[in-house]
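So the chains spell out like this:
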Amino acid sequence: MKRWWPYLVLVLLVALVAGYFLATVPVQYAASASPDASVRNNPYRAAQQLLDHWGRPSRRIFSTRALFPLPDTDTTLILDGDRGSLGYERQLDLLNWVHDGGNLIIAARYLPPSSGWFAEEETEQDESEQQRRDPDSLLSLFGVEVEALPREDSEEDPLALLFDRFRPMEDWFLEYCLSGDASEERLHQCEVLTCQAPQHWQPPAATHNLGDRPRLLQSETPIRLLYTPLPIDDSTGEPDQVLEASASNDTGETLLRFRVGGGTVTVLTELGLWDNHHLHHFDHARLLAELTVRGPVWFVRGIDIPPLPIWLWERFWPLILALMLALAFWLWRRLPRRGPLWRDPARQHTDYLGHLRAIGHFHWRTGQSDRLLASLRQQIQRRIALQHADPVKALALTAKRLDIPEHTLSQALEQPPADRAQCVAMVALLQQVRQRIRSQP
């Protein structure tokens, strides 16, 4: 019996573990997390990932000036409403690019009235300001104008405000639906929660003549589009552009699509339907696929600021030019030069004694020590020759008068010096002899 009790305990443990996993069900929950920096800094991150999945490479352009020169006509350009002011020549370049077959998507530029939009008391002048039309030179090329919608006085629903405060809970439900673990009876609720936007003051707009079925989109910008057909071209007798499709709701038009030459132009009230928070609502993703061509897609962020090098040159060109000149001067000073450097003659202070020493050193180094003593010896020999007609007796008389040994005087006048010290001693002796001969009568 003692041999079997360890096996019995092991069997009981296995049974307990198996019973625990069979009797319990794992619980899954979603926790909110802050998005990545690439998502926070790019509102069209989700749209770009979706386009990449479809095989349409996308990129962001951070200036309308950086858009030029324009890309190939197989590229879709999406210009937002804050694109700044484009010059007339660049607008014509865009128009010609569309005529050649380009696909252009433009967000209407919305400028709210200066007063009266959210004021409690409004005057008649404010009412007229609310419905004024905002001229846009780029949209005017296609006969499109932007009009602000009148504000409707509506009391805020307390229940709606309560639901707005619980948006994180709605995000949790949305993440639960996207995880794919929803049951069959909850699929419809998840579809509604995933694809339909929250209640908004402006109802969704339905497309007309775009695709095989109407598409729904929602705009949160309080404007509408007004279209005036352009006059017929006299040369061809046909209109320059044709309105192909549109989208509208009870407030007016929110999308207009034209056929211009060989290309297309789409005007939207905003691009918010394609940002990270609204791309999954209604048919926004399907519209992105239908409005873009099968090619690269460029999201152009319309800030009226040129690229950084051009912006720096336009505003700081004196400083940049001065720095470039300073750099060029520094490089010129540091570059190696060939030949001796020029020196200012006023700064050269070479004395005559130094010059004589240099000459003497040159003659001694080249073996010309006799030339250093030749002039001094000739002067002394002429003085000695005046003492007597016989050179030997003249040398003896001079040595006796100067009290110098005869062989020392003869050696200094005739023999070459053996080394530098002997040469210096000979010069000193000869100078002494010359001076004493001159001083004696």
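What counts, and where the lines are drawn
- Residues numbered from 1 in each chain as written.
- Predicted model: local features only at pLDDT ≥ 70, side-chain atom pairs only at ≥ 80, totals over all residues.
- Heavy atoms only, no water.
- Axes fitted to C-alpha atoms, helices over the stretch in contact; angles between N-to-C directions.
- Helix = DSSP H or I, 4+ residues; strand = E, 2+ residues; numbered from the N terminus.
- Parallel < 35°, antiparallel > 145°, perpendicular 65-115°, else oblique.
- Contact = heavy atoms within 4.5 Å.
- Nonpolar A, V, L, I, M, F, W, Y, C, P; charged D, E, K, R; others polar.
- Expected span 1.5 Å × (residues − 1).
- Bend = angle between axes of the 7 residues up to and from the residue.
- Buried < 20%, exposed > 50% of the residue type's maximum accessible area, 1.4 Å probe, protein only.
- UniProt positions renumbered as here; feature names shortened; annotations may be inferred.
- Pairing = 2+ DSSP bridges.

**Some words on the packing of helix 13 (residues 369-385) against helix 15 (residues 406-414)**
- Remark: helix 13 packs on helix 15, axes separated minimally by 10 Å, with the N-to-C direction vectors making an angle of 130°. As summarised for this structure, helix 13 and helix 15 are arranged oblique, according to the angle between their axes. Within the contact between the two elements, helix 13 uses Arg377, Ile380, Gln381 and Ile384 and helix 15 uses Leu409, Gln411, Ala412, Leu413 and Glu414.
- Residues belonging to the contact of helix 13 with helix 15 are distributed by class as follows: five nonpolar, two polar and two charged.

**Some points on helix 13**
- Along its 17 residues, helix 13 runs 24 Å from first to last C-alpha, staying within 8% of the 24 Å computed at 1.5 Å per residue.
- In helix 13, a bend of some 30° at serine 375 exceeds every other bend along the element.
- Listed as buried for helix 13 are Ser369, Leu373, Leu376, Arg377, Ile380 and Ile384.

**A short note on the UniProt feature "transmembrane region" (unreviewed entry) in the chain**
- Under the present numbering, the feature "transmembrane region" (unreviewed entry) in UniProt falls on residues 316-333.
- Annotated as 100% helix and 0% strand, the span residues 316-333 places its first and last C-alpha atoms 26 Å apart.

**Topic: the pairing of strand 10 (residues 252-260)**
- The element strand 10 is largely enclosed, with a buried count of seven among its nine residues.
- Sheet analysis places strand 9 (residues 241-249) next to strand 10, joined by eight bridges and oriented antiparallel. Bridging across to strand 10, valine 242 finds its partner in arginine 259.
- Linkage of strand 9 to strand 10, two consecutive antiparallel strands, is achieved through a turn of two residues.
- Here strand 10 pairs with strand 11 (residues 263-268) via six bridges, running antiparallel. Directly across from arginine 259, in strand 11, lies its bridge partner threonine 264.

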